Amino acid sequence: MGDTALLTHLSMEPVLGVAMGQVSVLRLDRTGGLAPGNKAFKLRGNLEAARRRGVSRLVSFGGAWSNHLHALAAVGAATGMETVGIVRGEKSTADTAMLEDARSWGMDLHHVSRGEYRKRNDPDYLRQLERRFHPCLVIPEGGANTDGARGCMAIAGVAADSIPGGARYVLPVGTGTTLAGLVAGLPAGNEVIGISALKGATDLELRVEQGLQACGALSSHCQWQILHDFHCGGFARTHTELREFILAFQHVHQMALEPVYTGKALFAIYQMLKSGAWGPDRPLVAVHTGGLQGRRGYPWLDTR
Ligand SMILES: *Cc1c(COP(=O)(O)O)cnc(C)c1O
């Protein structure tokens, strides 16, 4: 059943001259407790896999500002699972706010060189980690596996019933795992547009196809597409226009965004409405995938 409490309808009050009143925001940032946003959905499937195997230690990878490691640590603390974080790059002087949280929730943090981190998908390296942290389940960076995609199918159930007649869903994309689950979960008649947060992520479409297959999605699933022109300079980069948009949006709609993912997705919607590429009639659902804990890395944001 659709949970209307998780849908925020934006007012007609314009943001930098553009009214966004046809947009409803699906507030995944309000779900998941200590692990808000899409990451908890991705981890749900992996937790089930760990339980099936009788394993109570989860190992995964991420940078010092990784939303995924943050969520893994939180979910571990909530479920009594041990967690191990393999962190990209030698330890600098102080932990980031994100790693501090993860450590306080009991995550065992291992900093590795960038060279070693590059081996994170190498089967030999993974076997080595499995031996070292045995018995454990090793989850890929970002929770990007088939269990992760299947876990994200539940996102569709949160909103689909609240929007009669279908809608255009817009969400930020890193690995495409969340998008694949959403597409697989939504009924035909909807449309899903992913906004790539990375520059030149040419393998994304293929990864989504693989995710859809893993979810057992039929070819009659809803239409989807990834837009590659809203990375704003590359992953975790920003430009002036994006920063101005995020600050204006937050002010007008009293809703927090972060610049890595959700800010770029809402910025893309703003640009598509401004240029007229998207008309004023089709209802838009912006999926707020969370990540707000990462705002602490951006002093220019108003972190009230
Ligand atoms: C990880 C993340 C994404 C990207 O999810 P994918 O499944 O990797 O595409 C989007 N938004 C936020 C806030 C995230 O933390």
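Above this text is the structure in question.
A brief look at the structure comes next.

About the thresholds
- Residues numbered from 1 in each chain as written.
- Predicted model: local features only at pLDDT ≥ 70, side-chain atom pairs only at ≥ 80, totals over all residues.
- Heavy atoms only, no water.
- Pairing = 2+ DSSP bridges.
- Helix = DSSP H or I, 4+ residues; strand = E, 2+ residues; numbered from the N terminus.
- Expected span 1.5 Å × (residues − 1).
- Buried < 20%, exposed > 50% of the residue type's maximum accessible area, 1.4 Å probe, protein only.
- Axes fitted to C-alpha atoms, helices over the stretch in contact; angles between N-to-C directions.
- Parallel < 35°, antiparallel > 145°, perpendicular 65-115°, else oblique.
- Contact = heavy atoms within 4.5 Å.
- Nonpolar A, V, L, I, M, F, W, Y, C, P; charged D, E, K, R; others polar.
- Near = heavy atom within 4 Å.
- Polar contact = N/O pair within 3.5 Å; in protein donor to acceptor, adjacent residues only side chain to side chain.
- Areas by Shrake-Rupley, 256 points an atom, 1.4 Å probe, with all protein chains shown as cover.
- Disulfide = S-S within 2.5 Å.
- Arc of directions from axis to C-beta.

### Thoughts on the sheet that holds strand 3 (residues 57-62)
Strand order in the open sheet formed by 4 strands is 5-4-3-6, and the pairing between neighbours is parallel. Edge strands, defined here as strands with exactly one partner in the open sheet, are strand 5 (108-112) and strand 6 (137-138). Across 6 bridges, strand 3 lies against strand 4 (residues 82-88) in parallel orientation. Considered in strand 4, the bridge of valine 59 is made with valine 84.

### Observations regarding helix 9 (residues 240-253)
Counted at 1.5 Å a residue, the expected span for helix 9 with its 14 residues is 20 Å, and the 20 Å between its end C-alpha atoms agrees. Those residues of helix 9 not exposed but buried are Leu242, Phe245, Ile246, Ala248, Phe249, Gln250, Val252 and His253. Positive phi shows up at glutamine 254, right after helix 9, with a value of about 50°.

### Notes on the pairing of strand 10 (residues 284-288)
A regular strand places its side chains on the two faces of the sheet in alternate fashion. Across the 5 residues that make up strand 10, a large majority, 5, are buried. Side chains of strand 10 alternate between two faces, with Leu284, Ala286 and His288 and Val285 and Val287 buried alike. Strand direction decides the pairing type here: strand 2 (residues 23-27) and strand 10, joined by 5 bridges, are parallel. Paired with valine 25 across the bridge in strand 10 is alanine 286. With 3 bridges joining them, strand 7 (residues 168-173) and strand 10 adopt parallel strand pairing. The residue bridging tyrosine 169 from the neighbouring strand is valine 285, located in strand 10.

### A word on the packing of helix 9 against helix 10 (residues 262-275)
Viewed as axis vectors pointing N to C, helix 9 and helix 10 meet at an angle of 90°, and their least axial separation amounts to 10 Å. The angle between helix 9 and helix 10 falls in the class roughly perpendicular. Here Glu241, Leu242, Phe245, Ile246 and Phe249 of helix 9 lie close against helix 10, whose contacting residues are Gly263, Lys264, Leu266, Phe267, Tyr270 and Gln271. Partitioned by chemical class, the residues of the contact of helix 9 with helix 10 number 7 nonpolar, 2 polar and 2 charged.

### Regarding the site of the ligand
Near the ligand lie 15 residues; those nearest to it are Lys39, Lys42, Thr175, Thr178 and Thr289. Within the backbone of glycine 176, an N or O atom sits 2.9 Å from an oxygen atom of the ligand. Contact distances for the ligand include 2.6 Å between a nitrogen atom and a side-chain N or O atom of threonine 289. Notes on the ligand: free accessible area 380 Å², of which the protein chains cover 98%.

### A word on the state of the cysteines
Should the sulfur atoms of two cysteines be covalently bonded, the bond is a disulfide. Counted according to the given criterion, the structure contains 0 disulfides. Here cysteine 215 stays unpaired: no disulfide links it, and the sulfur of cysteine 152, its closest cysteine neighbor, is 8.2 Å away. What makes cysteine 215 buried here is its relative accessible area of 11%.

### Here we look at helix 8 (residues 204-214)
Considered for burial, the residues of helix 8 that qualify are Leu204, Val208, Gly211 and Leu212. One side of helix 8 holds all its buried residues, which, seen down the axis, span an arc of 100°. Exposed positions of helix 8 whose direction lies more than 90 degrees from the buried face are Leu206 and Gln213. Buried residues belonging to helix 8 abut helix 6 (146-159), strand 7, helix 7 (177-185), strand 8 (191-196) and strand 9 (223-227). One or two positions beyond helix 8, positive phi appears at glycine 216, with a value near 70°.

Honestly, it's all geometry; don't read function into it.
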